[in-house]
Amino acid sequence: MLADLTPLRTSADYRRLWIGNTVSWVGQAMTALAVSLQVYDITGSSFSVGLVGLFSLVPLVVFGLYGGAIADTVDRRKLGLYSAAGLCALSFVLAAAAFADFHHVWFLYGVVALQATCGALNSPARTAMVPRLLPPEQLPAANALNSLTTTSGTTVGPMLGGVIVGLWGYQAAYAIDAVTFTAALYAMWRLPSMLPGDDGSGTDTKGDGAAAGGGKRRRASVVDGLRFLATRPNLRMTFFTDMCAMVLAHPRALFPAVAVVWYGGDAKTAGLLAAAPAVGALLGGVFSGWLGRVHHHGFAIALSVAGWGTAVAVFGLTRDLWLGVVFLALAGAADTVSMVFRSTMLQAATPDAMRGRLQGVFIVVVAGGPRLGDFLAGTVGDLASPRVAIVGGGVACVVAVGLLVLRWRAFLRYDARDPQA
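Note that the structure is a prediction, hence the values are computed from the model and not measured. (Residues numbered from 1 in each chain as written. Predicted model: local features only at pLDDT ≥ 70, side-chain atom pairs only at ≥ 80, totals over all residues. Heavy atoms only, no water.)

A. Focus on the confidence of the model for the protein. Scored by pLDDT, the protein comes out at a mean of 81, with 91% of its residues at no less than 70. Low pLDDT, under 50, characterises residues 199-216; the predicted model gives this stretch 31 contacts beyond four residues in sequence or across chains. (pLDDT = per-residue confidence, 0-100. Contact = heavy atoms within 4.5 Å.)

As structure tokens, then:
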């Protein structure tokens, strides 16, 4: 039942990468909450908080796809290192502005957009490295461990962010984020060179560009990646189902308002609400050993996304803080199951020379979807009410997943023992 730690024992490079990302995620999650709280403190508007997601959405879409193409052309280690350095520098900029009492919404929107740009370049390169560091049979375990990276960070980060902002202000949260990013930089710096399509012996294993030292590498095309995805219906379904959850049923932008209006709380209450899904996701990752024995990944994804939507809808119906936290945690556990199987399907069914571009699409969906969801939830919350936005979004998620699997029923029959993308 417990998480399989084999990838951490067998690969020192993966171990360093995992530890560095885990530490840096704490700071990133803390900064994300701090920015939302600061925007709400300045404006008092859930719509303005939702705009944080919109300002990061466009860079994620554009540079996520382009970053994936770059990751299939250049040394992925260098791309990951330079983009991580950019994220670290932006955290220092936020801290410096806060220490200087420079509190302007437009400035925060601009920094968030630049952070999204660097993150969109970093994530495809970093994720495409994992199948090169581990054998195929260890990928489900590695993806479960990667879920622990994000969820442990987004569990500890929001809780720390709420407490630190409440006690010492925004500048302290931003400064800690800048310091924690050095762990990710060190991990990237220690990795070997990772040219796409090269198995490490100088051979182009997938026929898309020359291997290191073997000739001029062909420039990767975003269009080629999208054409490849167009021929893989099961891979497309992994993206569609995730969009149902993250766009239609993503209540994060409403947490500052919900904390005050529903529960009479403050920044610490908002931090608790933001951390609750991550707590559930963390528990889902800790007890992920059984996931390796599940072979029908499509069915598991559809079921877990429907579980997310149901839990979010029930959260919107309750007014007891701790009961609401429990249902948010259940939603987070369901999301971990979905993430592990979606990532495994994407890695197993994609050739190495195409992984950067498909991971670019993945980051657009995984990171862009919640930001679009923030904007949608904030808008509906202001036009109607937080309850309408949360309950209606959860119900819409369940209905949308049901319609998708009725349209593409082969997704439910996907078998990891004979993967057909």
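B. Summary view of the pattern of salt bridges. Applying the stated rule across the entire model yields 4 salt bridges. When the shortest N-O distance is used, the salt bridge between Asp-72 and Arg-76 registers 2.8 Å. In this structure Asp-72 comes out as buried when scored by relative accessible area, which is 0%. (Salt bridge = Lys/Arg side-chain N within 4 Å of Asp/Glu carboxyl O. Buried < 20%, exposed > 50% of the residue type's maximum accessible area, 1.4 Å probe, protein only.)

C. Spotlight on the packing of aromatic side chains. All chains considered together, the criterion is met by 10 aromatic pairs. Centre to centre, the rings of Trp-106 and Phe-107 are 6.3 Å apart; their planes meet at 85°, and the pair counts as edge-to-face. Residue Trp-106 is classed as exposed on the basis of its relative accessible area, which comes to 58%. For Phe-107, a relative accessible area of 15% translates into the label buried. Geometrically, the ring pair formed by Trp-262 and Tyr-263 is edge-to-face, given 6.2 Å between the ring centres and 85° between the ring planes. Since its relative accessible area comes to 15%, Trp-262 is described here as buried. Tyr-263 gets classed as buried once you look at its relative accessible area, which sits at 17%. An aromatic cluster is defined as three or more aromatic residues linked by ring pairs; in this entry it consists of Phe-255, Trp-262, Tyr-263 and Phe-315. Looking at Arg-319, its charged tip hangs above the ring of Trp-262, at a distance of 3.7 Å from the centre. (Phe/Tyr/Trp six-rings, centres within 6.5 Å; stacked < 30°, edge-to-face > 60°. Lys NZ or Arg CZ within 6 Å of the ring centre and 35° of its normal.)

D. Structural context of the packing of helix 11 (residues 267-286) against helix 13 (residues 321-348). The geometry of helix 11 relative to helix 13 is characterised by a closest axis approach of 6 Å and an angle of 40° between their N-to-C directions. Considered as vectors, helix 11 and helix 13 are oriented oblique to each other. When the axes of helix 11 and helix 13 are compared, the crossing they make is right-handed. On the side of helix 11, the interface is formed by Thr-269, Leu-272, Leu-273, Ala-276, Pro-277, Gly-280, Ala-281, Gly-284 and Gly-285, while helix 13 contributes Leu-321, Trp-322, Val-325, Leu-328, Ala-329, Gly-332, Ala-333 and Thr-336. Taken together, the residues of the contact of helix 11 with helix 13 break down into 11 nonpolar, 6 polar and no charged. (Axes fitted to C-alpha atoms, helices over the stretch in contact; angles between N-to-C directions. Helix = DSSP H or I, 4+ residues; strand = E, 2+ residues; numbered from the N terminus. Parallel < 35°, antiparallel > 145°, perpendicular 65-115°, else oblique. Left-handed = near helix turned anticlockwise from the far one by under 90°. Nonpolar A, V, L, I, M, F, W, Y, C, P; charged D, E, K, R; others polar.)

E. Local environment of the nonpolar core. Judged by nonpolar contacts, the single largest core of 70 residues is most densely connected at Tyr-174, Val-258, Leu-273, Trp-308 and Phe-315. The next biggest cluster of nonpolar side chains, apart from the first, holds 25 residues, and it includes Leu-8, Leu-90, Phe-181 and Leu-191. (Core = buried A, V, L, I, M, F, W, Y, C linked by side-chain atoms within 4.5 Å.)

F. Representation of the environment of Tyr-109 in the model. Locating Tyr-109 in the fold gives a position in helix 5 (residues 105-133). Distance from Tyr-109 to Ser-56, taken between C-alpha atoms, is 8.0 Å for residues 53 residues apart in sequence. Ignoring sequence-local partners within four residues, the contact set of Tyr-109 consists of Val-39, Ser-48, Leu-51, Val-52 and Phe-55.

G. Layout of unusual backbone geometry. Even without a glycine there, the phi angle at Asp-101 is positive, about 60°. Looking at where Asp-101 falls in the secondary structure, it is placed in the loop between helix 4 (76-99) and helix 5.

H. View of the packing of helix 2 (residues 12-43) against helix 5. As a packed pair, helix 2 and helix 5 sit with axes 12 Å apart at the nearest point and diverge in direction by 160°. Considering their axes alone, helix 2 and helix 5 lie roughly antiparallel with respect to each other. At the point where helix 2 passes helix 5, the crossing takes the left-handed sense. Side by side, helix 2 and helix 5 meet where Asp-13, Tyr-14, Leu-17, Asn-21, Thr-31, Val-35, Gln-38, Val-39, Ile-42 and Thr-43 of the first sit next to Val-105, Leu-108, Tyr-109, Val-112, Gln-115, Arg-126, Val-130 and Leu-133 of the second. Its residues placed into classes, the contact of helix 2 with helix 5 shows 11 nonpolar, 5 polar and 2 charged.

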